[in-house]
Every structure is written in structure tokens, then in C-alpha cells.
Amino acid sequence: MKIAIASGKGGAGKTSLSTNLCALLAGSTDVVLADLDVEEPDSAIFFNTGFQEEPVYRMVPEWDPVRCTSCGKCQEVCNFNAVIKLLDEIMVFPELCHSCHACSMLCPESALPMLPRRIGLLRKGILERLTLLEGRLDIGEEQAVPLIARANKVLNGKNFRDKIIVIDSPPGTSCPVIEVTRNADLVLLVAESNPFGLNDLKIMVDTMRILDRDMVVVVNRAEGHETLIEDYCTSEGIPMIAKIPHSRKAAEYYASGRLLIRDLVDIRTEFIKIRDYIFSIKSTREIERDRDHIG
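Remember, predicted model here, so these are calculated numbers, not experimental data.

What counts, and where the lines are drawn
Residues numbered from 1 in each chain as written. Predicted model: local features only at pLDDT ≥ 70, side-chain atom pairs only at ≥ 80, totals over all residues. Heavy atoms only, no water. Helix = DSSP H or I, 4+ residues; strand = E, 2+ residues; numbered from the N terminus. Buried < 20%, exposed > 50% of the residue type's maximum accessible area, 1.4 Å probe, protein only. Contact = heavy atoms within 4.5 Å. Areas by Shrake-Rupley, 256 points an atom, 1.4 Å probe, with all protein chains shown as cover. Lys, Arg positive; Asp, Glu negative; His and termini not counted. Charge placed at Lys NZ, Arg CZ, Asp CG, Glu CD. Pairing = 2+ DSSP bridges. Polar contact = N/O pair within 3.5 Å; in protein donor to acceptor, adjacent residues only side chain to side chain. Core = buried A, V, L, I, M, F, W, Y, C linked by side-chain atoms within 4.5 Å. Expected span 1.5 Å × (residues − 1).

**Q** Would you take a moment to explain the overall build of the protein chain for this structure?
**A** The number of helices and strands found in the protein chain is 9 helices and 11 strands. C-alpha atoms of the protein chain, sized along the principal axes, occupy 70 × 50 × 40 Å. Burial status across the protein chain gives 46% buried among its 295 residues. Partitioning the contacts of the protein chain with sequence separation of at least 6, the portion at a separation of at least 24 is 72%. Here the protein chain has roughly 14900 Å² of accessible surface; of this, 50% comes from carbon and sulfur atoms. The protein chain carries 35 positive and 43 negative side-chain charges, and their two centres are separated by 5 Å.

**Q** Teacher, can you tell me more about the pairing of strand 10 (residues 215-222) here?
**A** One face of the sheet, then the other: side chains in a regular strand alternate in exactly this way. Burial analysis of strand 10 places 7 of its 8 residues in the buried class, which makes it a mostly covered element. Here strand 9 (residues 186-192) pairs with strand 10 via 6 bridges, running parallel. Paired with A191 across the two strands is V219, which belongs to strand 10. As paired strands, strand 10 and strand 11 (residues 240-245) are joined by 4 bridges and run parallel to one another. Paired with V218 across the two strands is A242, which belongs to strand 11.

**Q** Even after reading the chapter, I still don't get the environment of L121, so can you show me in this structure?
**A** Its place among the elements puts L121 in strand 6 (residues 114-127). If we ignore the near neighbours within four places in the chain, the residues touching L121 are E53, E54, P55, V56, E134, G135, R136 and L147.

**Q** It is not clear to me how helix 8 (residues 248-255) should be interpreted in this structure. Could you clarify?
**A** Note on helix geometry: an α-helix contains 3.6 residues per turn, so any two residues three or four positions apart are oriented the same way. One side-chain oxygen of the residue at the start of helix 8 lies 3.3 Å from the amide nitrogen of K249, identifying that residue as S247. One or two steps after helix 8, the chain reaches G257, where phi turns positive at roughly 75°.

**Q** What am I meant to see in the nonpolar core here?
**A** Buried together is how nonpolar side chains tend to be arranged in soluble globular proteins. L36, L155, L189, L201 and I229 are the most contacted members of the largest nonpolar core, which totals 38 residues. Top element by residues in this core is helix 6 (residues 195-210). It accounts for 5 residues. Every residue in contact with L189, bar those within four places of it in the chain, is listed here: A6, L201, M204, V205, M208, M215, V216, V217 and V218. Counting residues in hydrophobic clusters, the runner-up holds 37 residues, among them A23, L25, L188 and A250.

**Q** Just checking my understanding: could you explain helix 1 (residues 14-25) for this structure?
**A** For helix 1, spanning 12 residues, the distance from its first C-alpha to its last is 16 Å, which sits close to the expected 16 Å at 1.5 Å a residue. Of all 12 residues in helix 1, 12 are buried; the element is thus mostly enclosed. Residues of helix 1 that are buried include every one of K14, T15, S16, L17, S18, T19, N20, L21, C22, A23, L24 and L25, and no others.

**Q** Help me understand the environment of D64 in this model?
**A** With respect to the helices and strands, D64 occurs in the loop between strand 3 (52-61) and helix 2 (73-77). Taking the C-alpha atoms as reference points, D64 and E54, separated by 10 residues in sequence, lie 29 Å from one another.

**Q** Help me out: how do you make sense of unusual backbone geometry in this one?
**A** Where the residue is not glycine, phi is negative for most of them; where a peptide bond is considered, it is trans in most cases. Of note, the phi angle at S70 is positive, near 55°, even though the residue is not glycine. Along the chain, the position of S70 falls in the loop between strand 3 and helix 2. For S70, a relative accessible area of 21% corresponds to the partly exposed category.

Spelled out as C-alpha cells, the structure:
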């Protein structure tokens, strides 16, 4: 089961929810925490483990002036302005390239061979029943999607097939978030209980409906008297499965790299609700899968 934890903005509590939920799940099952907020991954701060590193590359064209006849076909076919013809010179902008291979394949002189360009790292660490997979984009790289796509390919491999996978998503509704959530079995939306949080939640809900994803909501930093998010979820028929209370002590724990569920009983209670919901969904889907297999 693959669960993506997402929100309409940064700072809503995705990493706090991801790390504490995975620590709780790891007490009774094998779980993978995939930090795919690759521009600023920080889930590893909360776990004391070493890492194995794998560099990740994407293919970009490199101009061969010896072969080139300056026909301009490459510029004509590039939809991203990554290849520009200036008189008798071809300029390639790797940051704009989407690795579609069109310029290389359609060049009549084969003057734009595709070569690997490193974009970042995948880091893997194991701590008892918890596996941490982290994507880390290299400084200066602008495209997160190819690194996330590589991480998703790893997560879909046989080594993770029987584990619960929890993904700490990038913020917002841009391309990296779409890449993370498009194959998720469940999207867990984190929302703050205020008008700004409600606005961001509405944007995320609209996006997930376009992607046809199952979703639930968790309220973070909930105030006892505030029901904005709860009222919206009720009106939209979206399950709200937990309300993590606002707590200065929780902020102090998070800032020092400590897990909240260890000592803060009221917060642990809410995370248990989330864990039990996930187990119930997982169990239901396994029953349906077995029934379909028998049928």
C-alpha cells in the first residue's frame, strides 16, 4: 500500500506526520518512508541511520559541431526552448531539457547525442523494520520530476512489494506533487485549521479529484474551538481521520529533531487513529484482492 502525505503549502506538517506515522507503523509492520520532497529532504533528521547512495542521471543532448550543418531542425522540434540555433552555433540549455530525445533522434546528422547528466542522489537507510529512502536533488538542478520518477521506480520494485510505503511529498500542486501522488493508493492531506489552510486544502482536493485519488484529511495544529476544516470535509464527503492538537511542546520537539509520539500522549493518540485507519483500509483491500483472485 502506497500512501502519499501532501498539502497545499509548505510548513503544514507533512514531514512531522510522515516521520511519526512511520515510527509508529514500524512497531508492528515493515514500512518504507520515502522522502520525495527532493529539493529539501529532512526526514532523516529524525532517524539515526547510515545511508547507501546511488547517483541519479537524466539524458540531455550535447552538440557536436563537427557533424552539425546548422539546419535548425533541433530548434524546430524542441518544445521547451532547450536547444537554440544562433547563426552556425547550437546552444543547449540542460536545465530546460525534458529528455524527450526529439532533437537527438530527428537530427539528420546525428549531431546531438544524448549523454547522462547527474541530477541528484537516492539514499537508502535501514533501521530495524523501517526503511528510509531519500531523494536529494543536486544544488542548481531545476527539475525534480526525473529524480522522483526514479525513486518511484525503485519503490515499485520487488524489494518493497509487501511493505507499507509512506511518501513525504513536495508542497503545493506543481509537477513534482503530481508525479508523487499519481500512483498512490491513498493521499493523506494535511491541513492547518485556519482560513489559509482551508484555501490550500481546497486546491489540493480539486487536484486529487482530477487525478481520481482516494483521499483523507488530517488537521494539524488544531485548536479546540475551530471547525473550519471539519465543516468543509463534512460538506465534501471527505473523511477527516485525526486532529493533531496545537502544542508548543510539539514545536520544541520537532525543532530539536525528536519524534512527537514518544512522550506526547495526546498527539500519540491521534497518530494511533491514523495508523488504525491505514490498517483497516489495507485489510479491506487485501480481502477484495483475495476474493477477486478466487473468483
